[in-house]
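Read off the chains here:
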2 protein chains.
Amino acid sequence: MAYTIGVDYGSNSVRAIVARCDDGNEVGASVFNYPSGEMGILLDSNDHNLARQHPGDYLAGVETTIKEALAEAAKIDPDFSAEKVIGIGVDSTGSSPIPVDEENGALAMKPNFAGNLAAECWLWKDHTSVEEAAKITELGRAHRPQYLAKCGNTYSSEWFWAKLWHCLNVAPEVFDAAYSWVELCDWIPAILGGVTDPKQVKRGICAAGHKAFYADDWGGLPDKEFLALLDPKLAELRDRLYEKAFDASEKAGELCENWATKLGLPAGIPIAIGEFDVHYGAIGAGVDEGTLVKVIGTSTCDCGVVKANKEVADIPGICGIVKGAILPGYYGIEAGQSAVGDIFAWFVNHVCKGDGETHARLTKEAEAYKPGGIGLLALDWNNGNRTILVDPLLAGALIGQTLHTTQSEIYRSLIEGTAFGARMILERIEAYGVPVTRVVCAGGIAEKNPLLMQIYADITGREMLISGSSQTCALGSAVSAAVLAGSENGGYDDFETAQAKMTRLKDVSYKPNPESQAVYNELFALYKKLHDAFGGVKTEDLGKVMKDLLSIKERARA
Amino acid sequence: MAYTIGVDYGSNSVRAIVARCDDGNEVGASVFNYPSGEMGILLDSNDHNLARQHPGDYLAGVETTIKEALAEAAKIDPDFSAEKVIGIGVDSTGSSPIPVDEENGALAMKPNFAGNLAAECWLWKDHTSVEEAAKITELGRAHRPQYLAKCGNTYSSEWFWAKLWHCLNVAPEVFDAAYSWVELCDWIPAILGGVTDPKQVKRGICAAGHKAFYADDWGGLPDKEFLALLDPKLAELRDRLYEKAFDASEKAGELCENWATKLGLPAGIPIAIGEFDVHYGAIGAGVDEGTLVKVIGTSTCDCGVVKANKEVADIPGICGIVKGAILPGYYGIEAGQSAVGDIFAWFVNHVCKGDGETHARLTKEAEAYKPGGIGLLALDWNNGNRTILVDPLLAGALIGQTLHTTQSEIYRSLIEGTAFGARMILERIEAYGVPVTRVVCAGGIAEKNPLLMQIYADITGREMLISGSSQTCALGSAVSAAVLAGSENGGYDDFETAQAKMTRLKDVSYKPNPESQAVYNELFALYKKLHDAFGGVKTEDLGKVMKDLLSIKERARA
């Protein structure tokens with residue numbers, strides 16, 4: 001019997017699981033909440049776009065969770081012993097780049113940068129670099145349209161180059177001190193592998209391709225001439241980043257003696273290439289051609305794959321189409337919604353000032369309404385729109401309130417708003433020739449919220465299947481580690497076999513109700529009108545309203 | 001020393017005051033909350049458009065409040081005695097028509113109509129007759145454009161004919177049993193005067209002109225030919241309504257022996273013609289040419305006057321321009337917002353589920369934000385739009401929410417939304433040649449909410465003056481009674497003198513802050529875009545969204 005470890009870095013915590021290679025069962029697990037900041041996120045009360053994390057939390061977390069998960073496995077599974085662990089896989093949020101020194105140490109962990117937010121990890125949902133992202137889009141369109149074509153034609157403030165450039169603009173002392181920058185999902189495997197030279201860190205093509213304009217087609221990262229258009233210092237930095245990025249058929253390294261001792265694991269076991277959480281999550285949910293995996297949490301990520309020997313059209317507004325980003329030998333397609341669970345949490349915490357029971361009460365009340373019966377329509381853009389408008393400056397909207405509108409009606413309309421947003425993505429992907437025959441949902445919300453899942457089924461008109469693991473991302477990382485270890489060590493020789501053995505679906509699924517679907521089709525037509533008007537797709541008159549509001553707000557607060 | 005009584009029928013209660021004729025001081029007052037329904041309003045849980053009231057509550061209320069106000073006056077003012085009361089004035093909400101029998105008795109008070117909501121008083125904010133109102137608008141435009149021109153070119157579901165027609169359509173047994181229909185503001189004076197024949201009830205031109213298409217120009221009420229286009233039964237009813245309506249220079253009657261005994265007042269004292277609350281409120285706030293009086297409460301009414309010897313253009317979207325409706329010898333202009341205080345109450349009660357302290361807390365927090373600093377914009381249409389779109393089917397909207405938006409930011413944006421709505425009205429009136437050189441605000445919100453008043457000043461760019469009386473409507477009724485009684489009885493011979501003596505402003509006023517004004521001008525431009533888009537003025541694409549939502553909702557709930 002062999003086991004692999006999957007480590008999953010989320011927005012507020014990291015978790016590790018120990019998975020049995022023969023059936024994927026999780027025999028040990030542990031969660032570690034990042035101790036710094038607010039729920040693990042370093043904030044700036046003067047700038048709600050800022051979201052950073054402390055790399056020290058990541059290191060404390062990986063040690064604690066792996067040890068605890070191993071201890072639990074030893075208790076639960078009589079067959080288990082730590083020597084039977086044949087590999088480790090790591091996934092994380094992203095793009096979450098960390099500025100590092102020449103020894104691959106995080107700047108934020110050095111005394112002279114203590115308290116400097118720019119030296120911390122720039123969490124995926126940091127939106128401080130909106131202006132830089134817009135400029136990259138503009139320069140990209142003018143000079144390197146091929147770069148943008150692979151990431152939906154608009155560069156996002158959530159992404160690598162925008163964040164680095166913003167750091168250069170607002171905290172040049174950090175930028176200058178950084179020898180290199182490493183994505184969190186690449187940094188942890190390198191640390192576990194004992195890599196002390198940033199140029200030796202093996203970078204995953206997932207982060208590189210989706211967030212950093214990397215593609216083999218044009219020789220890796222963007223060329224220096226283009227980067228110099230942003231800033232000559234970014235062009236210089238290119239030499240200190242990486243030449244090549246790798247898919248999951250490569251290993252990131254092998255567990256070094258130091259960490260092996262610390263964790264009580266065999267030294268030398270392979271460490272999988274790091275991927276983003278949802279990409280390994282897609283693998284953990286059994287992604288294959290025709291399957292869309294939706295990981296539904298605070299935000300949502302949608303992943304699909306298409307065999308790399310086929311033509312895939314550039315899909316406008318999609319976060320990216322990157323060869324090898326999810327499964328080796330496939331194009332990985334990524335889309336997503338910038339906020340889903342976060343919107344419900346906002347409404348409950350900030351608007352209702354609710355307590356621990358409020359979600360449950362509102363869900364129960366919201367179940368009683370018929371589709372269309374609330375007379376409300378919400379745009380799910382409280383955190384901007386990632387797909388298909390790729391515009392972090394868009395904001396939420398609620399239309400149709402009367403003097404009788406209730407909390408739970410608004411709550412339901414927010415759920416419906418996210419479902420309409422999900423349908424926009426589905427239709428966009430299909431419109432560009434990527435058929436979706438199966439939708440598998442993963443994540444806490446998918447597992448625990450039957451009302452939401454039924455609404456998603458009714459609004460998209462698709463059956464919603466649910467991933468069998470409640471730790472789909474960590475499981476995907478463990479699957480990747482099992483493939484890397486190979487069958488000779490008790491793992492597998494290819495992802496298809498590994499997924500077939502190690503992943504499954506839950507028995508429950510949600511099928512669209514034709515009556516509800518008909519009503520929601522009407523509401524979706526209205527949603528599209530709002531989407532296109534406020535998104536600036538169709539109606540000039542309203543297309544700038546949200547942005548004008550924001551710039552007025554920023555001036556008022558300045 | 002002489003005194004007059006003002007009786008003011010509001011949406012949830014009736015109040016009476018005893019006013020000294022020499023200085024307008026209120027020496028006695030009493031409030032009576034209508035005992036029936038929810039806060040005095042009979043509701044239908046299946047139809048949130050329905051709002052009725054029980055006429056029995058009105059009769060109990062007038063007796064209780066006048067007696068209590070007289071008793072208080074006797075205690076407070078050593079000069080006072082009931083024999084010194086020289087007149088009574090009555091105002092009420094409207095259009096609030098009551099179906100009556102041949103003796104002017106309310107049908108709802110007869111045993112065979114007990115529990116029949118259609119037999120009760122149809123409160124101003126009853127919106128059940130939306131379809132009938134739309135048909136009246138259509139027929140009016142085609143056949144009698146002159147009728148519609150005087151009431152903003154659109155007939156409202158809040159008005160007389162729409163309500164009667166809807167009663168005929170949904171409760172023909174009530175319509176058939178009603179000998180006639182009398183507005184609440186006309187019914188009470190008639191009751192106090194002992195009038196037992198509906199055709200002898202002296203109707204005020206205020207209700208008749210603003211809500212029932214009455215004008216001397218075309219011989220009173222709409223002609224039978226037109227009414228027959230609605231329904232032949234409405235044409236028949238015309239003969240059982242009234243030939244002529246009167247302004248406040250006429251009396252409605254004299255206090256009958258029966259009620260004089262009941263109330264302890266001299267029989268035979270004059271009873272003023274009934275007007276709507278805000279019309280007498282305008283008089284109580286000192287309305288004259290160039291002054292706009294805003295009565296700000298659950299909803300808002302805006303009143304102005306123009307000398308009747310001038311030309312007044314028809315103003316599209318205004319509730320009405322009626323000669324004699326407020327002051328004799330002047331055109332009365334009425335506009336308004338369907339919900340103001342009601343929107344804040346909705347947010348606090350239904351969304352925040354707040355308690356008695358919530359308004360105060362949110363107001364305090366909302367004060368801390370700078371104009372524009374909240375990044376939100378609200379359409380103040382939770383109860384439809386009365387002026388200038390005249391569309392009860394419009395609904396509220398909130399734009400610009402992030403994941404950080406707070407309760408008090410939303411609260412402030414709702415206040416701002418109503419202020420933008422107020423500015424739309426002001427600009428519309430001025431655009432059609434009625435200059436506004438002074439704005440006087442009255443009502444509880446104007447008196448008690450400095451934040452709101454400052455926002456109104458900043459958004460409209462006008463100084464907001466505050467009426468000196470906290471019972472401006474009742475005071476206006478008392479002023480009208482004093483004029484009717486005449487100087488020979490201790491009253492006055494004209495409204496100008498009576499207003500100068502009996503009404504005043506508070507010392508406090510709110511002046512626009514130029515910096516705030518500049519920011520709000522920008523926001524107002526955005527508000528107008530939303531207004532025009534969702535109001536269907538400019539953008540076809542969104543102009544029907546709210547209505548489509550509503551019809552989907554109605555079908556879903558059916």
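**Student:** Lay out the overall build of chain A in plain terms, naming residues and giving numbers.
**Tutor:** A tally of helices and strands in chain A yields 21 helices and 23 strands. Against the 2.2 N^0.38 benchmark of 24 Å for 558 residues, chain A shows a C-alpha radius of gyration of 22 Å, consistent with a compact globule. Taken over the C-alpha atoms alone, chain A extends approximately 65 × 55 × 50 Å along its principal axes. Classification of the 558 residues of chain A by burial places 65% in the buried group.

**Student:** So, the packing of aromatic side chains: which residues are in play, and what are the values?
**Tutor:** One pass over the full model with this rule turns up 37 aromatic pairs over all chains. Judged by centre distance (4.9 Å) and plane angle (45°), the rings of Tyr147 of chain B and Trp218 of chain B are tilted. On the criterion of sequence distance, the pair formed by Tyr147 of chain B in helix H3 (residues 145-149) and Trp218 of chain B in the loop between helix H7 (205-211) and helix H8 (224-230) is long-range, its members being 71 residues apart. Members of the aromatic cluster, each reached through a chain of ring pairs, are Tyr147, Tyr155, Trp159, Phe213, Trp218 and Phe226 of chain A. Across the ring face of Trp165 of chain B, the terminal group of Lys135 of chain B is positioned such that the distance to the ring centre comes to 5.6 Å.

**Student:** Kindly report on unusual backbone geometry, identifying the contributing residues and their values.
**Tutor:** Negative phi values dominate among residues other than glycine, just as trans dominates among peptide bonds. A cis geometry characterises the amide bond from Gly94 of chain A onward to Ser95 of chain A, with omega recorded as 0°. Structurally, the position occupied by Ser95 of chain A is in the loop between strand S6 (85-92) and strand S7 (97-100). In this chain, Thr387 of chain B is followed by Ile388 of chain B through a cis amide linkage whose omega measures 15°. Secondary-structure assignment places Ile388 of chain B in the loop between strand S19 (377-379) and strand S20 (396-401). Even without glycine at this site, Asn104 of chain A takes up a positive phi of about 70°. In this structure, Asn104 of chain A sits in the loop between S7 and strand S8 (121-122). Non-glycine residue Lys353 of chain B carries a positive phi angle of around 45°. Relative to the elements of secondary structure, Lys353 of chain B occurs in the loop between helix H12 (341-351) and helix H13 (358-367). A relative accessible area of 48% places Lys353 of chain B in the partly exposed class.

**Student:** Please set out the pairing of strand S2 (residues 13-20) of chain B residue by residue, giving values where relevant.
**Tutor:** Residue and element names in this part refer to chain B. Most of S2 is tucked away: seven of the eight residues are buried. In this structure, strand S1 (residues 3-9) lies alongside S2, joined through seven bridges in antiparallel fashion. The residue of S2 that forms the bridge with Tyr3 is Arg20. The turn joining S1 and S2, which pair antiparallel and follow one another in sequence, is formed by three residues. The sheet contact formed by S2 and strand S3 (residues 26-33) spans seven bridges and is antiparallel. Residue pairing across strands places Val18 opposite Gly28, the latter belonging to S3.

**Student:** Before we move on, could you go through the relation of the copies chain A and chain B and cite the residues and values that matter?
**Tutor:** Aligned on chain B, chain A shows an RMSD of 0.0 Å; the corresponding rotation is 180° and the shift along the axis is 0.0 Å. What the superposition gives is, in effect, a two-fold axis relating one chain to the other. When the interface residues of chain A are mapped onto chain B, 100% of them again fall at the interface, so both copies present the same face.

**Student:** Account for the packing of helix H11 (residues 277-284) of chain B against helix H17 (residues 472-485) of chain B, naming residues and giving values.
**Tutor:** Residue and element names in this part refer to chain B. Relative orientation of the contacting elements H11 and H17 amounts to 75°, with a least axis distance of 6 Å. In terms of orientation, H11 and H17 fall into the roughly perpendicular class. Contacts between H11 and H17 pair Asp277, Val278, Tyr280, Gly281, Ile283 and Gly284 from the former with Thr472, Cys473, Leu475, Gly476, Ser477, Val479 and Ser480 from the latter. Residue classes in the contact of H11 with H17 are distributed as six nonpolar, six polar and one charged.

**Student:** So what's going on with the pairing of strand S16 (residues 300-307) of chain A? Which residues, and what values?
**Tutor:** Residue and element names in this part refer to chain A. Summarising burial for S16: seven of the eight residues are buried, a large majority. As paired elements, strand S15 (residues 291-296) and S16 share four bridges and run antiparallel to each other. Bridging across to S16, Val295 finds its partner in Cys301. What sits between S15 and S16 in their antiparallel hairpin is a turn of three residues. As paired elements, S16 and strand S18 (residues 330-337) share eight bridges and run antiparallel to each other. In the sheet register, Val305 faces S18, and the bridge partner there is Gly332.

**Student:** I'd like a rundown of the sheet that holds strand S22 (residues 464-467) of chain B, residues and numbers included.
**Tutor:** All names here are of chain B. The mixed open sheet is built from seven strands, whose spatial order is S17-S18-S16-S15-S21-S22-S23. Both outer strands of the open sheet, strand S17 (320-323) and strand S23 (505-510), are each paired with one neighbouring strand and no more. Direction aside, neighbouring strands of the sheet carry axes that sit 25° apart on average. Relative to S23, S22 runs antiparallel, the two being bridged by three bridges. Counted as the bridge partner of Leu465 is Ser509 from S23.

**Student:** Account for a negative patch on the surface, with residues named and values stated.
**Tutor:** Residues and elements named next belong to chain A. Among the surface-exposed residues, Asp288, Glu488, Asp493, Asp494 and Glu496 lie close enough to one another that they form a single negatively charged patch. Secondary-structure assignment places Asp494 in the loop between helix H17 (472-485) and helix H18 (495-502). Overall, the relative accessible area of 33% leaves Asp494 in the partly exposed class.

**Student:** Pulling in residues and values, what's your account of the sheet that holds strand S20 (residues 396-401) of chain A?
**Tutor:** Reading across from one edge, S19(A)-S20(A)-S20(B)-S19(B) is the order of the four strands in this open sheet, with antiparallel pairing throughout. This sheet does not close on itself; its edge strands, each paired only once, are strand S19 (377-379) of chain A together with S19 of chain B. Mean inter-strand twist for the sheet, computed between neighbouring axes without regard to direction, equals 10°. Taken together, the three bridges between S19 of chain B and S20 of chain B define a ladder with antiparallel strand orientation. Considered in S20 of chain B, the bridge of Leu379 of chain B is made with Ala397 of chain B. Contacts from helix H14 (residues 407-431) of chain B reach S19 and S20 of chain B within the one sheet, and its direction differs from that of S19 of chain B by about 55°. Most of the contacts of helix H19 (residues 514-534) of chain B go to S19 of chain B, to which it runs at about 40°, and overall it touches S20 of chain A together with S19 and S20 of chain B.

**Student:** Let's hear about the domain arrangement of chain A: which residues, and what values?
**Tutor:** Residue and element names in this part refer to chain A. Assigned domains within chain A: domain 1 (3-278 + 472-506) and domain 2 (341-428 + 513-557). Each side of the interface is counted separately: domain 1 has nine residues, and domain 2 has seven residues. Carbon and sulfur atoms make up 54% of the surface buried where domain 1 meets domain 2, a total of about 730 Å² over both sides. A per-residue breakdown of the area domain 1 buries against domain 2 is headed by His127, Val130 and Thr154, which together make up 42% of the total. Where domain 1 meets domain 2, there are two salt bridges. Where domain 1 meets domain 2, there are one residue pair in polar contact (both at pLDDT 80 or more). Counted by class, the side of domain 1 that touches domain 2 contains two nonpolar, five polar and two charged residues.

Conventions adopted
- Residues numbered from 1 in each chain as written.
- Chains lettered and ligands numbered in written order.
- Predicted model: local features only at pLDDT ≥ 70, side-chain atom pairs only at ≥ 80, totals over all residues.
- Heavy atoms only, no water.
- Helix = DSSP H or I, 4+ residues; strand = E, 2+ residues; numbered from the N terminus.
- Rg over C-alpha atoms; globule rule 2.2 N^0.38 Å.
- Buried < 20%, exposed > 50% of the residue type's maximum accessible area, 1.4 Å probe, protein only.
- Phe/Tyr/Trp six-rings, centres within 6.5 Å; stacked < 30°, edge-to-face > 60°.
- Lys NZ or Arg CZ within 6 Å of the ring centre and 35° of its normal.
- Pairing = 2+ DSSP bridges.
- Least-squares fit on C-alpha atoms with pLDDT ≥ 70 in both.
- Contact = heavy atoms within 4.5 Å.
- Axes fitted to C-alpha atoms, helices over the stretch in contact; angles between N-to-C directions.
- Parallel < 35°, antiparallel > 145°, perpendicular 65-115°, else oblique.
- Nonpolar A, V, L, I, M, F, W, Y, C, P; charged D, E, K, R; others polar.
- Patch = residues over 30% accessible without salt bridge, like charges linked within 9 Å, V, L, I, M, F, W, Y side chains within 5 Å.
- Areas by Shrake-Rupley, 256 points an atom, 1.4 Å probe, with all protein chains shown as cover.
- Salt bridge = Lys/Arg side-chain N within 4 Å of Asp/Glu carboxyl O.
- Lys, Arg positive; Asp, Glu negative; His and termini not counted.
- Charge placed at Lys NZ, Arg CZ, Asp CG, Glu CD.
- Domains from an automatic or database assignment.
- Buried area = accessible area lost by both parts, 1.4 Å probe.
- Polar contact = N/O pair within 3.5 Å; in protein donor to acceptor, adjacent residues only side chain to side chain.

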